[in-house]
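Results of the structural survey
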Amino acid sequence: MNGPDVEGMAPAVYRVIRGRYPFAPEVLRPEMGFGVDLAGDSLTFIELVGDIEVQLGVRLPDEEAAAVRKIGELVDLVTRVARS
Amino acid sequence: MWSFFKRTALRCLRRGSTASGDWQQQSAARVERLRASGVRIGVDCVVLTESFSTEPWLVELGNRVAVAGGVKFLTHDGAAHFLRRERPDAQSLGRIVVGDDCFVGEDCLLLAGTRIGSGSIVGAGSVVRGPVPDNSLVVGNPGRVVGRASLALARMRLSPDTLDTFRLPPEERRRVIEAHFGLGIAARETSIQEGRR
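Residues numbered from 1 in each chain as written. Chains lettered and ligands numbered in written order. Predicted model: local features only at pLDDT ≥ 70, side-chain atom pairs only at ≥ 80, totals over all residues. Heavy atoms only, no water.

At the junction of the two partners, chain B supplies 14 residues and chain A supplies 15 residues. Summing the contributions of chain B and of chain A, the shared interface buries around 1300 Å²; its carbon and sulfur component is 56%. Counting the surface chain B buries against chain A, the share from its top three residues, Arg148(B), Leu151(B) and Arg155(B), is 53%. The tally of links from chain B across to chain A stands at four salt bridges. Two residues, Arg148(B) and Asp62(A), come together in a salt bridge whose shortest N-O distance is 2.9 Å. (Contact = heavy atoms within 4.5 Å. Buried area = accessible area lost by both parts, 1.4 Å probe. Salt bridge = Lys/Arg side-chain N within 4 Å of Asp/Glu carboxyl O.)

Listed below in structure tokens is the structure:
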């Protein structure tokens with residue numbers, strides 16, 4: 001498998017999020033929180049991290065992934081990890 | 001067994017709560033009893049269940065394992081009952097092995113042949129069978145791996161609802177937790193007054 005496509009990472013993260021949280025694409029915004037805005041619990045978020053790692057070929061460090069609260073933060077983290 | 005439970009329950013009721021030291025002592029005594037019955041139990045384990053099936057010697061807990069109340073270890077498949085029409089002594093059996101540093105949540109059922117990898121967390125009420133990789137978070141029935149246990153713990157560590165209340169005296173513990181959730185004495189009195197209206 002080739003390395004992750006860093007440039008296309010943001011749309012890819014949004015695509016994976018939509019697979020786990022049933023929201024229309026136009027609704028999701030970087031400032032939205034996984035808990036309050038997307039009404040997800042901690043288990044759903046853990047599953048989302050697994051989805052991202054499998055589908056996008058990155059490994060997110062536990063402590064950094066655990067600190068993520070908003071969509072934008074997750075996109076930033078995935079992009080940063082993919083670049084490193 | 002029942003009298004032991006009753007004694008413990010009465011003691012807790014008298015105190016108004018189960019203090020952490022209390023159940024740790026109960027766990028230590030239970031671990032010794034279970035070891036005597038053949039369960040292989042590592043060091044620094046906390047075990048709050050007595051249900052180790054009819055073949056307790058097929059169960060092995062690693063080091064620093066915590067098993068919550070209501071958990072059942074089932075080391076045989078009772079459906080072998082039907083085999084006994086042709087093989088009167090048939091039993092279908094399996095070992096259950098829980099690796100080091102695992103947590104098995106309240107009311108889980110671990111079936112014969114289960115092998116839980118080190119550092120895993122099994123969510124409350126899960127029904128688990130077969131192999132589970134190290135560092136797994138397992139939930140549901142049938143239990144499935146939904147992610148890394150280490151990520152779940154890291155998330156829990158940062159959660160605003162994770163409080164440092166475990167070893168507080170019961171009354172103080174209640175006060176701190178109620179205050180955290182906005183359920184202090186004032187809130188209780190307001191709620192009682194509203195109930196009277």
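Tallied over the entire structure, the rule returns 14 salt bridges over all chains. Put simply, Glu50(B) and Arg30(B) hold a salt bridge, and the shortest N to O gap is 2.9 Å. Of this pair, Glu50(B) sits in the loop between strand S2 (46-47) and strand S3 (59-61) while Arg30(B) sits in helix H2 (residues 20-37), and the two are 20 residues apart along the sequence. Among the ionic contacts, a cluster of salt bridges with common partners joins Arg20(A), Glu47(A), Asp51(A) and Arg144(B). (Helix = DSSP H or I, 4+ residues; strand = E, 2+ residues; numbered from the N terminus.)

Moving on to the sheet that holds strand S5 (residues 72-74) of chain B. Residue and element names in this part refer to chain B. Strand order in the open sheet made by the three strands is S5-S10-S13, with parallel pairing throughout. Each of the sheet's edge strands pairs with one partner strand only, and the pair in question is S5 and strand S13 (127-128). Here S5 pairs with strand S10 (residues 109-111) via three bridges, running parallel. The partner of Phe-73 across the bridge, within S10, is Leu-110. (Pairing = 2+ DSSP bridges.)

Right, let's talk about helix H3 (residues 149-158) of chain B for a bit. Within H3(B), the full set of buried residues consists of Ala149(B), Leu151(B), Ala152(B), Ala154(B) and Arg155(B). The inward-facing, buried residues of H3(B) contact helix H2 (42-56) and helix H3 (62-66) of chain A together with strand S12 (121-122), strand S15 (136-139) and strand S16 (144-148) of chain B. (Buried < 20%, exposed > 50% of the residue type's maximum accessible area, 1.4 Å probe, protein only.)

Here we come to the environment of Phe181(B). Here Phe181(B) is to be found in the loop between helix H4 (170-180) and helix H5 (185-196). For Phe181(B), a relative accessible area of 46% puts it in the partly exposed group.

Let's shift gears to the side chain of Arg148(B). Tracing the backbone through its elements, the reader meets Arg148(B) in strand S16. The exposure class of Arg148(B) is buried, given its relative accessible area of 10%. Among the polar contacts made by the side chain of Arg148(B), one reaches the side chain of Glu53(A) at a distance of 2.6 Å. With near-sequence residues (within four places) excluded, Arg148(B) lies in contact with Ile46(A), Val49(A), Glu53(A), Arg59(A), Leu60(A), Asp62(A), Asn135(B) and Leu137(B). (Polar contact = N/O pair within 3.5 Å; in protein donor to acceptor, adjacent residues only side chain to side chain.)

Residues and elements named next belong to chain A. The geometry of helix H1 (residues 9-20) relative to helix H4 (residues 71-83) is characterised by a closest axis approach of 9 Å and an angle of 125° between their N-to-C directions. The pairing of H1 with H4 is recorded here as oblique in orientation. As for how H1 packs across H4, the hand of that crossing is right-handed. Residues Met-9, Ala-10, Val-13, Tyr-14 and Ile-17 of H1 lie in contact with H4, whose contacting residues are Ile-71, Leu-74, Val-75, Val-78, Thr-79 and Ala-82. (Axes fitted to C-alpha atoms, helices over the stretch in contact; angles between N-to-C directions. Parallel < 35°, antiparallel > 145°, perpendicular 65-115°, else oblique. Left-handed = near helix turned anticlockwise from the far one by under 90°.)

Membership of the largest hydrophobic core comes to 37 residues, with the highest contact counts inside it found for Ile17(A), Phe34(A), Ile52(A), Leu60(A) and Leu74(A). Of all the secondary structure elements, the ones that give two or more residues to this core are H1, H2, H3 and H4 of chain A together with S15 and H3 of chain B. The element best represented in this core is H4(A), accounting for seven residues. Setting aside residues up to four positions removed in sequence, Ile17(A) forms contacts with Leu28(A), Phe34(A), Leu38(A), Leu48(A), Ile71(A) and Leu74(A). Grouped together as the second largest cluster of nonpolar side chains are 24 residues, Val47(B), Phe52(B), Ile96(B) and Cys102(B) included. (Core = buried A, V, L, I, M, F, W, Y, C linked by side-chain atoms within 4.5 Å.)

Let us look at the packing of H1(A) against H2(A). Residue and element names in this part refer to chain A. Contact geometry of H1 with H2 gives a least axis separation of 10 Å together with a crossing angle of 135°. Accordingly, the angle class assigned to the pair H1 and H2 is oblique. Of the two elements, H1 crosses H2, and the hand of that crossing is right-handed. Of H2, the residues touching H1 (which contributes Met-9, Ala-12, Val-13, Arg-15, Val-16, Ile-17 and Arg-20) are Thr-44, Glu-47, Leu-48, Asp-51, Ile-52, Gln-55 and Leu-56. Here the residues of the contact of H1 with H2 are counted per class, giving eight nonpolar, two polar and four charged. (Nonpolar A, V, L, I, M, F, W, Y, C, P; charged D, E, K, R; others polar.)

Okay, the pairing of S15(B) next. All names here are of chain B. What you see with S15 is no split at all: Ser-136 and Val-138 on one side and Leu-137 and Val-139 on the other are buried throughout. The pairing of S12 with S15 spans two bridges and is parallel. Its bridge partner being in S15, Ile-121 is matched across the sheet by Leu-137. Where S15 meets S16, four bridges bridge the pair, whose relative direction is antiparallel. Considered in S16, the bridge of Leu-137 is made with Gly-147. Hairpin connection, S15 to S16: the antiparallel pair is bridged by four residues, and Gly-140 has positive phi, about 95°.

Bear in mind that shape data such as this cannot, by itself, settle questions of function.
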